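# Structural overview
Take a look at the letters that make up each chain.
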Amino acid sequence: MADKSVIRTEKAPAPFQGAPYSQAIRVGDLVFVSGQLALRPGEKELSGGSIQDQTEQIFANLAAILEEAGSGLDKLVKTTVFLQNLDDFAGMNEVYAAHVGDRPPARSTVEVARLPSGALVEIDAVAHT
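Throughout this document, residue positions are counted from 1 along each chain, in the order its sequence is written. Per-residue local features are limited, in this predicted model, to residues with pLDDT of at least 70; the limit for side-chain atom pairs, both in listing and counting, is 80 or more; totals at the level of whole chains, interfaces and linings are taken over all residues. Only hydrogens and water are removed before side-chain values are computed, so all heavy atoms of the structure are retained for them.

## Regarding the nonpolar core
Condition: In plain words, nonpolar cores are sets of buried Ala, Val, Leu, Ile, Met, Phe, Trp, Tyr and Cys residues tied together by side-chain atoms within 4.5 Å. Per-residue accessibility, obtained with a 1.4 Å probe over protein chains only, is compared with the maximum for each type, and a residue is labelled buried under 20%, exposed over 50%, and partly exposed between these values. Under the DSSP-based scheme used, a helix requires at least four consecutive residues in state H or I and a strand at least two consecutive residues in state E, with every element numbered from the N terminus. Any pair of residues with heavy atoms lying within 4.5 Å of one another is described as a contacting pair.
Formed by 26 residues in total, the largest nonpolar core has its most connected members in V33, L62, V121 and I123. Of all elements in the fold, only β3 (30-36), α1 (51-68), β4 (76-83), α2 (89-100) and β6 (121-128) reach the threshold of two or more residues within this core. Looking at this core, the element that brings in the most residues is α1, giving 7 residues. Apart from residues no more than four positions distant in its own chain, V33 is found in contact with Q23, A24, L62, I65, L66, D124 and A125.

Following this line, the structure appears as structure tokens:
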């Protein structure tokens with residue numbers, strides 16, 4: 001197995017409330033990014049109240065982490081979107097589409113009962129370097 005490297009950047013939020021996980025792990029030419037919420041680095045409150053605002057902040061976090069790992073949003077291969085309410089799908093999808101380009105990654109989208117801090121959306125990702 002290829003070496004496992006922890007990815008960490010100050011340009012994205014630290015693990016939620018000191019939980020035992022990494023922002024991302026790089027193994028070989030793949031980067032596995034932990035679920036991102038709409039948190040700005042160093043802040044504890046969600047940014048933005050709308051699904052669009054929260055999705056924008058999540059993509060800013062994903063981009064920062066992927067950049068640190070030597071990748072980028074254009075190299076996403078798989079995402080999972082967790083929505084607190086599937087009625088928010090269209091609003092999330094509008095912002096999502098603007099960030100993933102004309103060759104979007106494979107994706108799963110699921111509705112969940114709750115997300116940390118009352119978030120409307122959480123997104124995790126896998127990208128190629």
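## Some points on the sheet that holds β4
Spelled out, the test is: Two strands pair if DSSP finds at least two bridges between them. Interaxial angle, 0 to 180 degrees, is taken between N-to-C directions of lines fitted to C-alpha atoms, where a helix line uses only the stretch in contact.
Within the open sheet, the 6 strands sit side by side as β1-β2-β3-β6-β4-β5. Their pairing is mixed. Strand pairing shows two members of the sheet lacking a second neighbour, β1 (4-7) and β5 (106-111), which therefore form its edges. Each neighbouring strand pair of the sheet contributes to a mean axis angle of 15°, computed without reference to strand direction. Pairing geometry for β4 and β5, over 6 bridges, is parallel. Paired with L83 across the two strands is E111, which belongs to β5. Sheet contacts for α1: β1, β2 (24-27), β3, β4 and β6; angle to β6, the most-contacted strand, approximately 30°.

Geometry only, nothing functional implied.
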